[in-house]
2 protein chains.
Amino acid sequence: MAKSANTPHVVIIGAGFAGLYAARRLEKRGARVTLLDQRNHHLFQPLLYQVAMAGLSAVDIAQPVRRIFRRQRKVEVLMATVVNIDAGGRKVELEDGRRLSYDSLIVATGATHSYFGNDQWARHAPGLKTLEDALEIRRKVLLAFERAEAETDPEKRRAWLTFAVIGAGPTGCELAGALAELSRHTLFKDFHHFDAREAKVLLLEGRERVLPPYPEDLSAKAQEQLETLGVEVRTNSLVTELDDQGITLKTGERIPTHTVIWAAGVAASPLGAKLAQSAAEVTGRPLQGDPPRSEGSDFVTALPVLDRAGRVRVEEDLTLPGFPEIFVVGDLMAFEQAGGEVPGVAPAAIQSGVYAANVILQRAAGKPTEPFRYRDKGSMATLGRKSAVATLGKLRLSGITAWLTWLGVHIVFLIGFRNRIVVIFEWARAYFTYQRSARLILHEPSPYSESSDTPESEPPLDP
Amino acid sequence: MAKSANTPHVVIIGAGFAGLYAARRLEKRGARVTLLDQRNHHLFQPLLYQVAMAGLSAVDIAQPVRRIFRRQRKVEVLMATVVNIDAGGRKVELEDGRRLSYDSLIVATGATHSYFGNDQWARHAPGLKTLEDALEIRRKVLLAFERAEAETDPEKRRAWLTFAVIGAGPTGCELAGALAELSRHTLFKDFHHFDAREAKVLLLEGRERVLPPYPEDLSAKAQEQLETLGVEVRTNSLVTELDDQGITLKTGERIPTHTVIWAAGVAASPLGAKLAQSAAEVTGRPLQGDPPRSEGSDFVTALPVLDRAGRVRVEEDLTLPGFPEIFVVGDLMAFEQAGGEVPGVAPAAIQSGVYAANVILQRAAGKPTEPFRYRDKGSMATLGRKSAVATLGKLRLSGITAWLTWLGVHIVFLIGFRNRIVVIFEWARAYFTYQRSARLILHEPSPYSESSDTPESEPPLDP
């Protein structure tokens, strides 16, 4: 494929909100873009919990990236895993050994779960970041009800009917609320040996209230609404042990359960550390940690490249200090504004992606650029049918008003016409019938895929 | 749960067409039913190839069994794997060690793939029986196009763009037609480094024509329609070797490809052999094979319990010889009628399931029963947009007439209101736009599920 030499080539890693919006903006202005992602789809993450709770199906909230850009010939979409970034040599290295050169690079690989050093918990308490995660959680939850039906010992059945969500941020609250609705309204008539309304949904939070980043009055309202839905909210509850038979709290209390969902910790994508390593080799900066205490040192170069969560500290124009051609955006960037951190939410990802694209375009046109400013348009968390909390500028909403706002905003931002229609249809149907369409338990891919499941073990490109 | 002592208890194994229709009929007449299935869903298998080809999504063609019977309190649905049948003791044994007693048993566990003794081919050439199979095939096909986009060597790209379907029965023809449409219409604009219309779809058949069970003129028409769609049909082509780099034909020809789909052989479900073993222990009949040559011997008791395909030979009332309380129905039964075998198709499964239910009810009421008669209402195979062949009684249809008939029949029989609406919507949309909604490549369930994927490795019921 011939490429014109004068158009700058922008490589974008990650097709989440930040990467996707950056690619769109660049493409519209004629830049040449290569968009890399490990998966073939863009995911509308705010609705992922609905896939986990069998309300929506995977296709409703995901779109093949290739399809989104099918008419944009200047965007080359490549399903590929980036294993390293050579910041000095301006190249990204792919898993298959190939190296791509860039004029500008936008790193938007987002975040993953953090188990705070207890990585062995991961297999018992899946988190919710990818479609596969959502399908795994769905499988665990639906299977637990099936197990309860087959169990005759009341105590063991009780354990199968106990569901624990760890972490009461927006995702944890959404999951707990949806789980309570699932058992109380959707499944309650479906079993012969128990009433699904007996199911216990625990929401455990280490801090003193749910939705810690929200204003206190909204936290209180959220807790009230969750309790009305049937969730048992337990704040100040730290988990110290977790295995396939249950969880142990710091108080020593043991809760028998086989279904635990992790919604407590977020860690930056591991590619951030690779980038930091490569950058540190060139600049000599420390790798990771808190700022040094001495006041006099030059702010940026004395700072470690990564903050404690593994996110990449960026300049005012979202570039990596010392590398004006490398932008870090979305959940992977650490950016402070007016004394607070820009949060890891979809609007911040979109704004930072579009901003990075604009800076690249402005520079190419010889125009001046302005520092990044995050505009907080508010945040919201839905808890269940007609239950939600939201802040919109100075407005604070809860209950049905917040819920309708949430509904409207999510429908408007869903990418893809088909998704919108089907999601509206599913929601309307779920609203009136309490039924959910996606109640399928999928087992493992068939036995023959034993060793050909992951792309790594696919027939090699070089046999 | 209290069970009235006078109502007979019918255990049904398998919630496919045969088991589901049997349960429905029994329940309507007040019988007490326990319906067992390994999965939690009933699958509308005739549309499974559309899930494999990204046209429909899993939820569109599957319904939780529990939900189908949610208002029928006399049907107890249990997601469980039956590991053995004690024909003498009238019990079925579940994987978790429990044993269920029955007054009547209906075995409807269907069929699986057969690789004709080459089981090692299974991992390179998945077949199409379950939702997991369909998702695995979809993943392989979509991933092959992504690999082709990343490949620079033209010969290697050619191999990624070669797709082989082995077996030209209805499923093989449907898959090949849908694959050709996928590459020629849906994907053709989506890649930068090749034209997806270059993709080669091979349909390999060992016998001398496609759709061998159909009348010859329809086979010829089907081949013609497939070729118009872009399929390369090769009859009299036996596969002798198959690995992750390609297939070898009996002629010695080697075809490099990484994407092979198996649609050639069907074998009875392994539970048939367990049942045969248990029955043979009581009756002393031979286990499996062809009928003995001597003409004089008593027809039924001298026959081996299983035929060569592993299906269970049944009496005129679909019961196992010597066990009037055990019915074998659907694809697992071997039943001859007017010199021919009853085929393994959905209408035969439905008719045999309903028939077995009726016999149980008639016996309970002291009424006489009649032998099973399969009513062949015709058969059809769809090949692509406006392409299909069908026999309806003496009528033979092909092209758009057959296609519209196919469409109508499949919509009418799809179970569940939501499915019907969505499937019609998807088809209408695909028809007008050539787009397919389910183009998602799902990786393996997340790393933490490594050892908790299969139900066997779930937290044990008895810790």
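Structure report, in brief. None of these values were measured; they are calculated from a predicted model.

## Some remarks on the overall build of chain A
Thinking step 1. Each helix and strand in chain A was counted, giving 12 helices and 27 strands.
Thinking step 2. Relative to its 463 residues, chain A shows a buried fraction of 59%.
Thinking step 3. Within chain A, contacts between residues separated by at least 24 positions form 61% of all contacts whose residues are at least 6 apart in sequence.
Thinking step 4. When the accessible surface of chain A is totalled, it reaches about 18,800 Å², and 52% of it is carbon and sulfur.

## Focus on the packing of helix α1 (residues 17-28) of chain B against helix α10 (residues 346-364) of chain B
Residue and element names in this part refer to chain B.
Thinking step 1. Where α1 contacts α10, the two axes come as close as 7 Å, and the packing angle between them is 35°. In this structure, α1 crosses over α10, and the sense of that crossing is right-handed. Facing F17, A18, Y21, A22, R25 and L26 of α1, the residues of α10 in contact are A346, A349, I350, S352, G353, V354, A357, N358, I360 and L361.

## Some remarks on the sheet that holds strand β12 (residues 200-204) of chain A
Residue and element names in this part refer to chain A.
Thinking step 1. Spatially, the four strands line up as an open sheet ordered β13-β12-β11-β17, and their pairing is parallel. Every interior strand has two partners, whereas the edge strands, β13 (231-234) and β17 (259-262), have only one. Ignoring strand direction, the axes of neighbouring strands in this sheet form an average angle of 20°.
Thinking step 2. With four bridges connecting them, strand β11 (residues 162-166) and β17 associate as parallel partners. Counterpart to V165 in the pairing with β17 is I261.
Thinking step 3. Of the strands in this sheet, β11, β12, β13 and β17 are in contact with helix α6 (residues 170-186), which crosses β12 at around 170°.
Thinking step 4. Contacting β12 and β13, helix α7 (residues 216-229) crosses the sheet at an angle of about 140° to β13.

## Re unusual backbone geometry
Thinking step 1. Phi at A:A54 takes a positive value of approximately 70°, unusual for a residue other than glycine.
Thinking step 2. Tracing the chain through its elements places A:A54 in the loop between α2 (48-52) and β4 (62-64).

## Details of α6(A)
Thinking step 1. Under the 1.5 Å per step criterion, the end-to-end length of α6(A) is 22 Å for 17 residues, consistent within 8% with the ideal 24 Å.
Thinking step 2. Among the 17 residues that make up α6(A), 13 are buried, leaving the element largely enclosed by the rest of the structure.

## Quick look at helix α10 (residues 346-364) of chain A
All names here are of chain A.
Thinking step 1. With 19 residues, α10 ought to run about 27 Å at 1.5 Å a step, and its terminal C-alpha atoms sit 27 Å apart, in line with that.
Thinking step 2. In terms of residue burial, α10 counts as a mostly covered element, since 14 of its 19 residues are buried.
Thinking step 3. Positive backbone phi, approximately 70°, marks G366, located one or two places after α10.

What counts and how
- Residues numbered from 1 in each chain as written.
- Chains lettered and ligands numbered in written order.
- Predicted model: local features only at pLDDT ≥ 70, side-chain atom pairs only at ≥ 80, totals over all residues.
- Heavy atoms only, no water.
- Helix = DSSP H or I, 4+ residues; strand = E, 2+ residues; numbered from the N terminus.
- Buried < 20%, exposed > 50% of the residue type's maximum accessible area, 1.4 Å probe, protein only.
- Contact = heavy atoms within 4.5 Å.
- Areas by Shrake-Rupley, 256 points an atom, 1.4 Å probe, with all protein chains shown as cover.
- Axes fitted to C-alpha atoms, helices over the stretch in contact; angles between N-to-C directions.
- Left-handed = near helix turned anticlockwise from the far one by under 90°.
- Pairing = 2+ DSSP bridges.
- Expected span 1.5 Å × (residues − 1).

None of this, on its own, says anything about what the molecule does.
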